[in-house]
Amino acid sequence: MPHRPEPVALDGNALGLTESTIMGVAGTAPVFSIAATSAALVAGVGVLAPASLLYCGLIMFGVTFAYMHLNRLDANAGASYAWVSSIFSRALGFLAGWALLVASAMFMVSGTIPAATATLALVHPAAMGNTAVVTLVAAGWLILVSAVILKGIKLTSYVQVTLTMLELGILVVIVGTALWKFSAAPAHAIHWSDFDPRAFSPHVFTLGALTAIFFYWGWDVTVNLNEETRDGSWVASVGSLLAMLIIIALFILFMVVALMALSDKEIQGANTNIMLAIADKLFPRPWNYMAVLAVMLSTLGTLETSILQFTRTMFAQSRDGMLHHRYAHLHPTWDTPWVATLAIAGFGLLLLFLASFIPTVNQIIQDSIDAIGFQASFYYGLACLACAWYVWKHQRGSWFHVVFFLLWPLCSGLFLWFIGLYSLPTFDAMTNTIAIGGVLIGLVPFWLNRRKAFPTAQAQPVNEL
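A brief look at the structure comes next.

Conventions adopted
Residues numbered from 1 in each chain as written. Predicted model: local features only at pLDDT ≥ 70, side-chain atom pairs only at ≥ 80, totals over all residues. Heavy atoms only, no water. Helix = DSSP H or I, 4+ residues; strand = E, 2+ residues; numbered from the N terminus. Rg over C-alpha atoms; globule rule 2.2 N^0.38 Å. Buried < 20%, exposed > 50% of the residue type's maximum accessible area, 1.4 Å probe, protein only. Contact = heavy atoms within 4.5 Å. Areas by Shrake-Rupley, 256 points an atom, 1.4 Å probe, with all protein chains shown as cover. Lys, Arg positive; Asp, Glu negative; His and termini not counted. Charge placed at Lys NZ, Arg CZ, Asp CG, Glu CD. Patch = residues over 30% accessible without salt bridge, like charges linked within 9 Å, V, L, I, M, F, W, Y side chains within 5 Å. Salt bridge = Lys/Arg side-chain N within 4 Å of Asp/Glu carboxyl O. Disulfide = S-S within 2.5 Å. Phe/Tyr/Trp six-rings, centres within 6.5 Å; stacked < 30°, edge-to-face > 60°. Polar contact = N/O pair within 3.5 Å; in protein donor to acceptor, adjacent residues only side chain to side chain. Core = buried A, V, L, I, M, F, W, Y, C linked by side-chain atoms within 4.5 Å. Axes fitted to C-alpha atoms, helices over the stretch in contact; angles between N-to-C directions. Parallel < 35°, antiparallel > 145°, perpendicular 65-115°, else oblique. Left-handed = near helix turned anticlockwise from the far one by under 90°. Nonpolar A, V, L, I, M, F, W, Y, C, P; charged D, E, K, R; others polar. 1 Å grid on protein atoms, 1.4 Å probe; cavity = no way out; pocket = protein on both sides within 12 Å on 5 of 7 lines; lining within 4 Å. Points joined across faces, edges and corners; volume = space filled by probe spheres on them.

Details of the overall build of the protein chain
From N to C terminus, the protein chain includes 19 helices and 0 strands. Taking 2.2 N^0.38 as the reference for a compact globule, 465 residues should give roughly 23 Å; the C-alpha atoms of the protein chain span a radius of gyration of 21 Å, in line with that estimate. Along the three orthogonal principal directions, the C-alpha set of the protein chain runs to about 70 × 50 × 40 Å. Out of the 465 residues belonging to the protein chain, those deemed buried represent 60%. In the protein chain, the share of contacts with a sequence separation of at least 24, taken over all contacts with a separation of at least 6, comes to 85%. For the protein chain, the accessible surface area stands at approximately 17900 Å², while carbon and sulfur atoms represent 70% of it. The protein chain carries 19 positive and 21 negative side-chain charges, and their two centres are separated by 6 Å.

In structure tokens form, the structure reads like this:
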């Protein structure tokens, strides 16, 4: 057995409940998710789009409850990697963490590209269709955000709070104005019957879920930051729950507004610019460009949280010997995993360079979103099943644990895996290669490091909920 290095500690007690909650909200990129996927969701399910977000939100609550409970048992920056390793096996745990690494790396493309196009829309609209220029601006944003994260979690949290509050402020202005203007004569009349579960056929519900899952991906950054949060086992858990409540309300409310403000033809014509399409109907130029600014702020905010998730998961895996120990090195001044941060920045720049050869920006975004959805379903589902199994083995005497931490996560995990498998035939060959191959290639570093890995302690309850 190789000598285990001295334990290293992140900057503990850096975040409070407010920062933790805002990190979770920012992780889902509310405005970007709305802009990128609303048209696809409406195309699939029509006026049932708000209900689709509601019911998929209830499914995601099962994931949230699983993460809350597992975080209370073991507040580990590796989150799903550490929990699945402890409860099931090292191999499954490593693949859960690896899927998050791959999804976060893919987001270096699907997150920076919209930030770049929004930037160009504000300063040089003529260049928005030039893929090379877009990827160059995206690379600049990636370098800047990575530099902020390198400087420490406190600076990162200050930047995140500022970006997210501005983003949400703009979103509230647009939503409030749209409700006031379009409620009397909406393009689509929304009725309570549209929220009736019986309005869905199995096919329509599944079709909506394929898109809706991407809306919610990313809130779990709160638990990846648990070692840097005051009383992380409790505060990070509560922060994730509060973040989920906020984003479900935001997503449903905006989808109602989008249907009220725009016709089907306008929604499909807007494509990924649905925020701007609504703002065009509400405000004169240049005030309508607040929607473009919101998209830019949203993508930059969630780019930051994606890098945080990647670096903290890689840090935890490296600390356990599952990856090379270099990724567990902390900066002597800033207490950040600086090698892991440079790794994701370098890999993101490489992906952006490769993406510059893809002919259209929309194709880049759509392919990466599809791959991320599959990978998120995989590692969320594993964490849910791990939580359900742990409760079944150790805590099923409590009805509260059985309902909220066994049955609900179990149903959510199985549904997410079903959605992931159901989506594969709808992807093209390239997307399937990235989605599946991105996870399976993790077996290579796992095999190479299997002899160096240190035992992962079995998760044990520390403070009962």
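Past the structure itself, the notes keep going.
Quick look at a nonpolar patch on the surface
On the surface, Phe-88, Leu-92, Trp-389 and Trp-392 cluster together into a nonpolar patch covering about 380 Å² of accessible area. Mapped onto the fold, Trp-389 is located in helix H16 (residues 361-394).

Quick look at the state of the cysteines
Note on terminology: a disulfide is the covalent bond linking the sulfur atoms of two cysteines. According to the stated counting rule, one finds 0 disulfides in the structure shown. Cys-387 provides the cysteine sulfur closest to Cys-384, a residue in no disulfide bond, and the two sulfurs are 7.5 Å apart. Overall, Cys-387 belongs to the buried group, its relative accessible area being 0%.

Observations regarding the packing of aromatic side chains
Following the criterion strictly, the structure yields 25 aromatic pairs and no others. Aromatic pair Tyr-67 and Trp-219: ring centres 5.3 Å apart, planes at 65°, arrangement edge-to-face. Of this pair, Tyr-67 sits in helix H3 (residues 49-73) while Trp-219 sits in the loop between helix H9 (202-216) and helix H10 (221-224), placing them 152 residues apart in sequence. When sorted by exposure, Tyr-67 lands in the same class as Trp-219, which is buried. Where Phe-94 meets Trp-98, the ring centres are 5.8 Å apart and the plane angle is 20°; that geometry is what we call stacked. Of this pair, Phe-94 and Trp-98 both sit in helix H5 (residues 90-110), 4 residues apart, roughly one helical turn. On the basis of relative accessible area, Phe-94 is assigned to the buried category, the value being 0%.

Examining the pattern of salt bridges
Under the criterion given, the structure shown has 4 salt bridges. With a shortest N-O distance of 2.8 Å, Arg-319 and Glu-227 are connected by a salt bridge. Here Arg-319, found in helix H14 (residues 290-319), pairs with Glu-227, found in the loop between H10 and helix H11 (232-261); they are 92 residues apart in sequence, far enough to count as distant.

With respect to the side chain of Ser-157
Its place among the elements puts Ser-157 in helix H8 (residues 153-182). A polar contact of 2.7 Å, which involves the side chain of Ser-157, links it to the backbone oxygen of Lys-154. When residues no more than four places from it in sequence are discounted, the contact partners of Ser-157 are Leu-15, Glu-19 and Met-23.

Considering the nonpolar core
Core analysis: the biggest nonpolar cluster contains 154 residues, and Tyr-216, Tyr-379 and Tyr-380 have the highest contact counts within it. For Tyr-379, the contacting residues outside a window of four places in its chain are Tyr-67, Ser-80, Ala-96, Ala-99, Leu-100, Trp-217, Asp-220 and Gln-309.

Details of the packing of helix H2 (residues 30-45) against H11
The interhelical angle for the contact between H2 and H11, taken along N-to-C directions, is 50°, at an axis separation of 11 Å. Classified by the interaxial angle, the pair formed by H2 and H11 is oblique. The handedness of the crossing between H2 and H11 is right-handed. Taken together, the residues of H11 that come into contact with H2 (itself represented by Pro-30, Ser-33, Ile-34, Ser-38, Leu-41 and Val-42) are Phe-251, Phe-254, Met-255 and Leu-259. A per-class count over the contact of H2 with H11 returns 8 nonpolar, 2 polar and no charged.

Observations concerning the packing of H2 against H8
Viewed as axis vectors pointing N to C, H2 and H8 meet at an angle of 55°, and their least axial separation amounts to 9 Å. Taken together, the axes of H2 and H8 are oblique relative to one another. Packed against H2, whose contacting residues are Pro-30, Val-31 and Ile-34, the element H8 presents Glu-167, Leu-168 and Leu-171 at the interface. When its residues are assigned to classes, the contact of H2 with H8 shows 5 nonpolar, no polar and 1 charged.

Topic: unusual backbone geometry
With an omega of 5°, the peptide bond running from Arg-285 to Pro-286 counts as cis. Along the chain, Pro-286 turns up in the loop between helix H13 (274-282) and H14. A positive phi angle, near 50°, is found at Ala-29, a position not held by glycine. With respect to the helices and strands, Ala-29 occurs in the loop between helix H1 (17-27) and H2. Of the residues examined, Ala-29 reaches a relative accessible area of 1% and is grouped as buried. One non-glycine residue, Asp-335, lies in the positive phi region at around 55°. Within the secondary structure layout, Asp-335 lies in the loop between H14 and helix H15 (338-355).

Focus: empty space enclosed by the protein
Enumeration over the complete set of coordinates arrives at 1 cavity of 30 Å³ or more. Around the largest cavity, the lining residues are Gly-27, Thr-28, Ala-29, Phe-32, Ser-33, Phe-107, Phe-214, Trp-217 and Thr-302. Partitioned by chemical class, the residues of the lining of the largest cavity number 5 nonpolar, 4 polar and no charged.

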